[in-house]
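The lines below spell out each chain.
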Amino acid sequence: MACILTSGRGLMCKDQIGGARYVFFANFDPALVHQFTVTDKVITAAPVMTAYRYDLQEGAGGVVSTINASVENGTRFYEQVIDVSFNKLDPAMQAEMDLLSAAKMWVWIEDGNKNVILYGYENGCDVTGGTIDTGKARGDKTGYALTVTGKERLSAPFATPYTDFAFDTLPEVTVDPPFPVIP
């Protein structure tokens, strides 16, 4: 039987934080999915791609992955919902919002614990909602919010842990804009 449990888990240390530091959007190409190498839920090789980096303010992004299962039907899938927001309205981001909302993409999230996780691995993700908000009062936020959703057969894989910056152990992935060079 292929669904036999293999381990348990004890209490874990209190050494994690919530939230996301960065979101990276990359153009999804179903012809390239087979070029990922994933072993034990870790991506050790990826297809050549550009991951467009968006820095997130503290508390401005995160992911919830929900397991959807039916005992009656013998089915299961993971719905991955990525919520991110960006401050400040401007024409360049307005144009990018048009592209993001029309595109199918891979979404990489670097969480607060320096894990880089890929969402939409096999099927890509789509923008399923969002806002462009001017705010009402002087102190209100102006900016953008996006909800991006993926529906996947398996839970999201992690990228190989990095040394200095996300993707420095996956040379096939170019980050734009790049991270600052460490002297």
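Each value, and the rule that gives it
Residues numbered from 1 in each chain as written. Predicted model: local features only at pLDDT ≥ 70, side-chain atom pairs only at ≥ 80, totals over all residues. Heavy atoms only, no water. Helix = DSSP H or I, 4+ residues; strand = E, 2+ residues; numbered from the N terminus. Buried < 20%, exposed > 50% of the residue type's maximum accessible area, 1.4 Å probe, protein only. Pairing = 2+ DSSP bridges.

A closer look at the environment of Ser 70
Within the fold, Ser 70 resides in strand S5 (residues 61-70). Ser 70 gets classed as buried once you look at its relative accessible area, which sits at 16%. Once the C-alpha coordinates of Ser 70 and Val 33 are considered, the two residues, 37 residues apart in sequence, prove to be 27 Å apart.

Remarks on the pairing of strand S7 (residues 104-111)
Where a strand is regular, its side chains alternate between the two sheet faces. For S7, the tally of buried residues reaches seven of eight residues, placing the bulk of the element in the interior. Across seven bridges, the pairing between strand S1 (residues 20-27) and S7 is antiparallel. Each residue of the ladder has a partner; that of Ala 20, found in S7, is Asp 111. Inspection of the sheet shows S7 paired to strand S9 (residues 125-133) by two bridges, in the antiparallel sense. Following the sheet pairing, Met 105 is matched in S9 by Cys 125. Bridging between S7 and strand S8 (residues 116-119) involves four bridges; their strand directions are antiparallel. Across the sheet, residue Val 107 finds its bridge partner in S8, namely Tyr 119. Hairpin connection, S7 to S8: the antiparallel pair is bridged by four residues, and Lys 114 has positive phi, about 65 degrees.

Read these as layout, nothing more, since geometry by itself doesn't imply function.
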